[in-house]
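Examination of the molecular architecture
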Amino acid sequence: IIQTDCMFTLLKHKISAVLFLCFITAVFFTSCCSGTYKCKGDSLSLRFRLLSTDGVDRLFGPDRIYNSRQVRFYSFQGTDTVFHTSSPGPDPQPGRDSVLYLEIEPLEKLFVKWNDTDYDSISLRLFKVDASPCCPDFRSIESFRFNQSADLKEGNWGVMELRK
């Protein structure tokens, strides 16, 4: 009888330990998944400035040569042309002119129509980010290339300065 009681006590402690471990694991994985936790979606937030080779803003200010509201960003998906909505807005850094904001699904090739006769391309090199146990993975920009230039910028933050 003593041996049986000892086995039941030992079994009871093991079951309690397993249940406690399951509870802690569940709390750990669901705490970051609560309703207030925000995940980064699989989209890219891009900000552009178009500058001349000597640094003069070509979209905003007195020396602009393009109308920022007529600039069109587009890409190709199969045989379809997909136009992406961009909007001008203030540059968060003081003393700088405005920028074009663009929110797109991750893609590797983007085209820009500055006016009826002037077009350029932007190539994006993307990498996959392992988000967390609660959020899906997403893609971010490793670098980008304007037309056939060398890679211009690393990272997904900041304003991309395109020079032509």
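Residues numbered from 1 in each chain as written. Predicted model: local features only at pLDDT ≥ 70, side-chain atom pairs only at ≥ 80, totals over all residues. Heavy atoms only, no water.

1. With respect to the pattern of salt bridges
Opposite charge on two side chains makes pairing possible when the charged atoms of those side chains draw close. Our working definition: In the sections that follow, a salt bridge refers to a side-chain nitrogen of Lys or Arg positioned within 4 Å of a carboxyl oxygen of Asp or Glu. Buried, partly exposed and exposed residues are distinguished by accessible area as a fraction of the type maximum, computed with a 1.4 Å probe on protein chains only: under 20%, between the cut-offs, and over 50%, respectively.
Evaluated as defined, the whole model comprises 6 salt bridges. Across the pair D57 and R49 runs a salt bridge, and its minimum N-O distance is 3.5 Å. Overall, the relative accessible area of 8% leaves R49 in the buried class. The salt bridge involving D116 is made with K113; its shortest N-O contact spans 3.6 Å. Among the residues examined, K113 registers a relative accessible area of 25% and is labelled partly exposed. Connected through salt bridges with shared partners, the residues R49, D57, E161 and R163 form a single ionic network.

2. Description of the nonpolar core
Nonpolar side chains in soluble globular proteins tend to be buried together. Basically, it comes down to this: What is meant by a nonpolar core is a set of buried Ala, Val, Leu, Ile, Met, Phe, Trp, Tyr and Cys residues, joined one to another through side-chain atoms within 4.5 Å. Secondary structure follows DSSP: runs of H or I at least 4 residues long count as helices, runs of E at least 2 residues long count as strands, and numbering of each begins at the N terminus. Only heavy atoms matter for contacts: two residues are in contact if any of them lie within 4.5 Å across the pair.
Ranked by size, the top nonpolar core spans 24 residues in total, and within it L46, F48, F73, L110, W114 and I122 carry the most contacts. Where this core is concerned, the elements lending two or more residues are β1 (44-51), β5 (99-104), β6 (109-113), β7 (119-129), β8 (138-146) and β10 (160-163). In terms of residue count, the dominant contributor to this core is β1 (4 residues). With residues near it in sequence (within four places) discarded, L110 still touches L46, F48, F73, Y74, H84, L102, I104, D120, S121 and I122.

3. Considering the packing of aromatic side chains
The following threshold applies: A pair of Phe, Tyr and Trp rings is counted when the ring centres sit within 6.5 Å of each other, with Trp represented by its six-membered ring. The angle between the planes then sorts it: under 30 degrees is stacked, over 60 is edge-to-face, the rest tilted.
In total, this model carries 6 aromatic pairs according to the counting rule given. Taken together, a centroid distance of 5.3 Å and an interplanar angle of 20° make the contact between F48 and F73 stacked. Here F48 is found in strand β1, whereas its partner F73 is found in strand β2 (residues 72-77), with 25 residues between them in sequence. Overall, F73 belongs to the buried group, its relative accessible area being 0%.

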